[in-house]
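Structural characterization, general
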Amino acid sequence: MNDKVSVTNERRLTIARAMAEAIAQEMRVDERVFVMGEDIGTLGGVFGNTRGLVEEFGKLRVRDTPISETGFIGAAVGAASDGMRPVVELMFVDFFGVCMDAIYNLMAKNTYFSGGSVKVPLVLMTSTGGGYSDAGQHSQCLYGTFAHLPGMKVVSPSNAYDAKGMMTAAIRDENPVIFMYHKGLQGMGWLGTEPGATVNVPEESYEVPFGKAAVVREGTDVTIVGLAMGVHNALKAADLLAKKGVSAEVVDLRTLVPLDRDTVFNSVKKTGRLIVVDEDYHSFGVSGEIIASVCERDVSVLKAAPRRVAYPDVPIPFSRPMEQFCLPNPDKIVAAFDSIAGA
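Residues numbered from 1 in each chain as written. Predicted model: local features only at pLDDT ≥ 70, side-chain atom pairs only at ≥ 80, totals over all residues. Heavy atoms only, no water.

The protein is annotated in an unreviewed UniProt entry as Pyruvate dehydrogenase from Aquamicrobium defluvii. UniProt lists a comment for the protein under the heading Cofactor (unreviewed entry), and it reads "thiamine diphosphate". (UniProt positions renumbered as here; feature names shortened; annotations may be inferred.)

Pasting the structure below:
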């Protein structure tokens, strides 16, 4: 990956452990940082990203909350506005509906409403993604929903190195940050684990800058753009395409807000073809925004019409065969390329 600090003693971490390490390191140096959410204390988070925190920092700074998202996210907004730096977990992004007023009408807007005099340095971490038969209320990604709304930064790492650096950057940021982690990349065995997400992570603290995409595989024939799980599907598709003599470049967006449009455009300018992979819904989302970013700048760089491989506009099924039929995968990406290969 790009932007990496030197690694003296290599050690491989899951995204869950990388997130927990970043939070712990910031809590050690800044007493304003504290954590709130459901099951984030003794359990260490349903997805493992707060393991070990309550043992080190105690229940005053690592607070298990009732099942009342509006209450504790609203409390976090107040704490952030008063000078604290809360890290709050919304266990599933699907639950945003019960607390969207606290997120969007308070967290995202209070700095603007105050003319810049009130900062809201709050990290809202939340799980995304399906693939394990958890149905329509626990499996969505909703990247586009949050990226569409001004006032918040939105990030989603594809690997443990980025996860640690982006969490550190998020906690230090003066703006609210939505930190969206994909459940299938966390390294939790019961969810299934994507091996490519577990990578070498330095022990020292570092930041991965927001608004800077990473070219994780260079190529000349097609650009495949994704984030989180989409990056791993893109890399696997690139391997399949290579067997057919096709050189695919893969771009990991890393952050949606701010969005690195330049890296995407420059890649497409080189390859002439664009495929966007998105586990969020097909319509009105990230995939359309990426395509528009290229077309609005200079449509002439495209040799063929862009393609997107995204989740169809249907509720996510519980049935495993039906869910797998809907999810993006490497074969669908290859098929998308095949549809434009002659151009």
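Structure shown, so let's carry the discussion forward.
**Side note on the domain arrangement of the protein**
Split by domain assignment, the protein resolves into domain 1 (12-200) and domain 2 (214-340). Measuring from the centre of the C-alpha atoms in domain 1 to the corresponding centre in domain 2 gives 26 Å. Contact residues are listed per partner, giving 31 residues for domain 1 and 25 residues for domain 2. Carbon and sulfur atoms supply 57% of the area that domain 1 and domain 2 bury against each other, a total of about 2200 Å² over both sides. Our count for the contact surface shared by domain 1 and domain 2 stands at two salt bridges. Remark: the boundary between domain 1 and domain 2 carries 13 residue pairs in polar contact (both at pLDDT 80 or more). Secondary structure elements with two or more residues in the side of domain 1 that touches domain 2: α6 (143-147), β6 (153-155) and α7 (160-172). Per element, the largest residue contribution to the side of domain 1 that touches domain 2 is four residues, and it comes from α6. (Domains from an automatic or database assignment. Contact = heavy atoms within 4.5 Å. Buried area = accessible area lost by both parts, 1.4 Å probe. Salt bridge = Lys/Arg side-chain N within 4 Å of Asp/Glu carboxyl O. Polar contact = N/O pair within 3.5 Å; in protein donor to acceptor, adjacent residues only side chain to side chain. Helix = DSSP H or I, 4+ residues; strand = E, 2+ residues; numbered from the N terminus.)

**Some words on the side chain of D278**
By the secondary structure assignment, D278 is in strand β13 (residues 274-281). Despite its burial, D278 remains without a salt bridge, the nearest opposite charge being carried by R308 at 7.4 Å. From its side chain, D278 meets the backbone nitrogen of D280 in a polar contact 3.0 Å long. Residues in contact with D278, not counting those within four places in the same chain, are Y143, V286, S287, V309, A310, Y311 and P328. (Buried < 20%, exposed > 50% of the residue type's maximum accessible area, 1.4 Å probe, protein only. Lys, Arg positive; Asp, Glu negative; His and termini not counted.)

**Some points on the pattern of salt bridges**
One pass over the structure, following the stated rule, counts 15 salt bridges. Taking the shortest distance from any N to any O, the salt bridge between D173 and K153 comes out at 2.8 Å. Remark: K153 occurs in strand β6 and D173 occurs in the loop between α7 and β7 (177-182); sequence separation between them is 20 residues. Residue D173 is classed as buried on the basis of its relative accessible area, which comes to 12%. The partner of R172 in a salt bridge is E207, and the shortest N-O contact between them spans 2.9 Å. Of the two residues, R172 sits in helix α7 while E207 sits in the loop between β8 (199-200) and β9 (214-217), which places them 35 residues apart along the sequence. Taking the relative accessible area as the measure of exposure, R172 reaches 36% and is therefore partly exposed. Overlapping salt bridges bring together R11, E21 and K164 as one network.

**So, the side chain of E69**
Along the chain, the position of E69 falls in helix α3 (residues 69-81). No salt bridge is formed by the buried E69; the nearest opposite charge belongs to K183, separated by 13 Å. When residues no more than four places from it in sequence are discounted, the contact partners of E69 are E38, G74, L90, F95, V98 and C99.

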